[in-house]
Amino acid sequence: MPAAARALVETLVAAGVEHLFTLSGNQILSVYDAAIGRPLTLYHTRHEAAAVHMADAWARLTDRPGVALVTAGPGHLNALSALYGARMEDSPVLLLSGASPRGERGLGAFQEIDQAAAARPVTKAAWTAEDPQRLADDVARALSLAQSERPGPVHLSLPGDLLEANVADASAARVMLTAPARAGDAETKTIVEMLAAAKRPVIIAGPGMARGSRWAAVQALARTTGVPALPSESPRGLNDPWLHGANASLAQADVVLLLGKTLDFSLRFGRGPAWAAGCHFVQVSAEPTPTRDGVLTIVADPLAVTEQLTAKAGSASTTGWTDEVARIRATTPPGWNDLRRGTSSPMHPLAVCAAVQPWLDRGATLVADGGEFGQWAQAGLEARERLINGPSGSIGSAMPMAIAARLARPTAPVFALLGDGTFGFHALEIDTALRYGLPFVAVVGNDARWNAEHQLQLKHYGAERAVACSLLPTRYDRVAEALGGHGEHVERASDLPAALARAVASGKPAVVNVVIDGVAAPTFGTAARGH
Ligand SMILES: Cc1ncc(C[n+]2csc(CCOP(=O)(O)OP(=O)(O)O)c2C)c(N)n1
Ligand SMILES: [Mg+2]
């Protein structure tokens, strides 16, 4: 009789899951064994959080669930910080974690902790499989939950003995997606009328609505109604560096339609002075969300509602405003051209952006992390495919995400821009990239400090109280070389284009260590404490 682990593998395969991002451990080896010969490839990483970041990036880029498999106790706990990123990004990730055996529960089993309880705050649902005969159903339910309603991470703990138990039937269970909830006719009518009557309406799409086919649906609504649509994926929200001066336009809005986004911290909870007095908000969320005075809240699937509104809306009447918002969004401050062309050493982050942009224009994927250098990358680069660290405000995801980006878009080069501090989080994933032949170019903005926090210290405490934020001017390019990758060290802007070209041509994971000027991130309007 087959092991239950086989039913797990078959259910993943039947659901179209092709990749398992993983790191080994006692309790999950039966799954590795069951995957042999099946169309399910294991990508083993150097840290469990990296496996989850890869699953998250895969899910975001392909709109298909990303699955990570890690071991019990500490392996599971290592994975959780990355799950928070997926939760905040509305990214359909399934975290499967080995767990201590059922029969030893409560006896102090090896690596025994309440894993489902630990995962609950960063998932839509988390539970432990209890019956080997029903494992396939558990997996199918978890995959369904991750993709239904508000997409997001789901966790399933897998006791080692349960995975190894024999089952009569190891065939797959089918994943049934729940039908998206639509808004009522009266509700859509109200929204359409509010948008039509508004002078300066704006649509804001949350992270799940700001990518792939959902973003295309939002743009269709924007075209039909003439209401400008902006994505909201940055923890800096209204100060999202990619918006440039368009944050000032938001402050003038009189009606704001939030799709897959609520009035959270990043939107200053809808309070002044960030928003005009009397601005009307409509929030459409698939998840129940607290009602607020003066905020029309509709609990329904944001994509379904977007399509309903597009079908119902009349033609545009606010084109002048729409053009203005688009123009301001695309306009960068006057001094930026000089900074892009600058020849000073150490380099300004925008001079780095200037060398990367031509690659993005030719279709490369952009991955941008946080920190000050990450903010400059997000502000100064335009890319058709872009992954950023997202509303979690967490740093560290760029290296593993770059690998998954290459897997999702195998013919496009990948540029990951990250700070020197952030590089330390998952630097060893260069090894993973090399083992699987998934090259990318990490452009490390090296200012020898945790600059984002250093800048806050300067602002709030003064230079004499700026502590615990300096790093060494380390040659991170040599880390890449030591691991078998390609390294470039660049101090002058004029050397950067050729270094990037050599990094891509090497066909290896590459680190371009760029000595940069540790300047503060760009701000447009009110400065925010940030990430
Ligand atoms: C997981 C996590 N730890 C710490 C922070 C706080 N933090 C935000 S930016 C930053 C500094 C990043 O330094 P670096 O990568 O060198 O980029 P820089 O700001 O220097 O350009 C830190 C520590 C965070 N956002 N996430
Ligand atoms: Mg730094």
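Residues numbered from 1 in each chain as written. Chains lettered and ligands numbered in written order. Predicted model: local features only at pLDDT ≥ 70, side-chain atom pairs only at ≥ 80, totals over all residues. Heavy atoms only, no water.

Here's the deal with the packing of aromatic side chains
For any pair of aromatic rings, geometry is given as the distance between the ring centres together with the angle between the planes.
Then, in step 1: One pass over the full model with this rule turns up 8 aromatic pairs.
Then, in step 2: Ring centres of Phe21 and Tyr43 lie 5.7 Å apart, and the angle between their planes is 35 degrees; this geometry places the pair in the tilted category. You can see Phe21 sitting in strand 1 (residues 19-22) and its partner Tyr43 sitting in strand 2 (residues 41-44), a full 22 residues away along the chain.
Then, in step 3: A ring pair is formed by Trp275 and Phe281, whose centres lie 5.1 Å apart and whose planes are at 85 degrees; its orientation type is edge-to-face.
Then, in step 4: Take Trp275: its relative accessible area is 3%, and that puts it in the buried class.
Then, in step 5: Joined through ring pairs, the aromatic side chains of Phe21, Tyr43 and Tyr436 make up one cluster. (Phe/Tyr/Trp six-rings, centres within 6.5 Å; stacked < 30°, edge-to-face > 60°. Helix = DSSP H or I, 4+ residues; strand = E, 2+ residues; numbered from the N terminus. Buried < 20%, exposed > 50% of the residue type's maximum accessible area, 1.4 Å probe, protein only.)

Some points on the environment of Glu488
Then, in step 1: As for its position among the elements, Glu488 is in strand 16 (residues 486-490).
Then, in step 2: Through-space distance from the C-alpha of Glu488 to that of Leu339 is 22 Å; in sequence the pair is 149 residues apart.
Then, in step 3: In this structure Glu488 touches Asp477, Ala499, Arg502, Val511, Val512 and Asn513, once residues within four positions along its chain are discounted. (Contact = heavy atoms within 4.5 Å.)

Considering the pattern of salt bridges
Then, in step 1: In this structure the tally under the stated criterion is 25 salt bridges.
Then, in step 2: Here Arg502 makes a salt bridge to Glu488, at a shortest N to O gap of 2.9 Å. One end of the pair, Arg502, is in helix 21 (residues 496-505); the other, Glu488, is in strand 16, with 14 residues separating them in the sequence.
Then, in step 3: According to the relative accessible area criterion, Arg502 is partly exposed, its value standing at 44%. (Salt bridge = Lys/Arg side-chain N within 4 Å of Asp/Glu carboxyl O.)

Describing the packing of helix 9 (residues 212-225) against helix 11 (residues 302-312)
Then, in step 1: Interhelical geometry of helix 9 versus helix 11 gives an angle of 25 degrees and a closest axis separation of 9 Å. Relative to helix 11, the element helix 9 is oriented roughly parallel. The handedness of the crossing between helix 9 and helix 11 comes out as left-handed. Contacts from Arg214, Ala217, Val218, Ala220, Leu221 and Thr224 of helix 9 reach helix 11 at Leu303, Thr306, Leu309 and Thr310.
Then, in step 2: Here the contact of helix 9 with helix 11 is composed, by residue class, of 6 nonpolar, 3 polar and 1 charged. (Axes fitted to C-alpha atoms, helices over the stretch in contact; angles between N-to-C directions. Parallel < 35°, antiparallel > 145°, perpendicular 65-115°, else oblique. Left-handed = near helix turned anticlockwise from the far one by under 90°. Nonpolar A, V, L, I, M, F, W, Y, C, P; charged D, E, K, R; others polar.)

Thoughts on the site of ligand 1
Then, in step 1: Every one of the 17 residues lining ligand 1 counts as a neighbour, but Gly393, Asp420, Gly421, Thr422 and Asn451 are closest to it.
Then, in step 2: Between ligand 1 and Thr422 there is a distance of 2.5 Å, counted from an oxygen atom to a side-chain nitrogen or oxygen.
Then, in step 3: Ala452 is positioned such that a nitrogen or oxygen atom in its backbone is 2.9 Å from an oxygen atom of ligand 1.
Then, in step 4: Taken by itself ligand 1 offers 580 Å² of open surface, and the protein chains cover 81% of this.
Then, in step 5: Counting only elements with at least two residues in the shell around ligand 1, the list comes to helix 15 (371-380), helix 17 (420-426) and helix 19 (451-460).
Then, in step 6: The element that contributes the greatest number of residues to the shell around ligand 1 is helix 17, accounting for 4 residues. (Near = heavy atom within 4 Å. Polar contact = N/O pair within 3.5 Å; in protein donor to acceptor, adjacent residues only side chain to side chain. Areas by Shrake-Rupley, 256 points an atom, 1.4 Å probe, with all protein chains shown as cover.)

Structural notes on the confidence of the model for the protein chain
Then, in step 1: Of all residues in the protein chain, 98% have pLDDT values of 70 or greater, and the mean over the chain is 95.
Then, in step 2: Counting interchain partners and residues more than four positions distant, the pLDDT-below-50 stretch residues 526-531 has 17 contacts. (pLDDT = per-residue confidence, 0-100.)

Some words on the side chain of Thr188
Then, in step 1: Here Thr188 lies in helix 8 (residues 185-197).
Then, in step 2: Given the relative accessible area of 1%, Thr188 is considered buried.
Then, in step 3: Setting aside chain neighbours within four positions, we find Thr188 in contact with Ala183, Gln308, Leu309 and Lys312.

What to know about helix 11
An α-helix turns once every 3.6 residues. As a result, residues three or four positions apart point the same way.
Then, in step 1: Every buried residue belonging to helix 11 is among Pro302, Ala304, Val305, Thr306, Gln308 and Leu309, and all of these are buried.
Then, in step 2: Taking the backbone nitrogen of Leu303 as reference, a side-chain oxygen 3.2 Å away marks Asp301 as the first, capping residue of helix 11.

Describing helix 18 (residues 429-436)
Then, in step 1: Where helix 18 is concerned, the buried positions are Glu429, Ile430, Asp431, Thr432 and Ala433.
Then, in step 2: Residues of helix 18 that are buried in the fold lie against strand 2, helix 3 (48-62), helix 16 (398-408), helix 17, helix 20 (476-482) and strand 17 (510-515).
Then, in step 3: Taken from the residues just after helix 18, Gly437 is the one with a positive phi, measuring 60 degrees.

Overview of the sheet that holds strand 12 (residues 365-368)
Then, in step 1: If you walk across this open sheet you meet the 6 strands as 13-12-14-15-17-16, and the pairing is parallel. Bordering the open sheet on either side are strand 13 (386-388) and strand 16, each of which pairs with just one other strand. In this sheet, adjacent strand axes meet at a mean angle of 15 degrees when their direction is disregarded.
Then, in step 2: Both strand 14 (residues 414-419) and strand 15 (residues 441-446) contribute to a ladder of 5 bridges, which runs parallel. The residue of strand 15 that forms the bridge with Leu418 is Val444.
Then, in step 3: Lying over the sheet, helix 14 (residues 349-361) contacts strand 12, strand 14, strand 15 and strand 17, oriented at roughly 160 degrees with respect to strand 14.
Then, in step 4: Most of the contacts of helix 21 go to strand 16, to which it runs at about 175 degrees, and overall it touches strand 14, strand 15, strand 16 and strand 17. (Pairing = 2+ DSSP bridges.)

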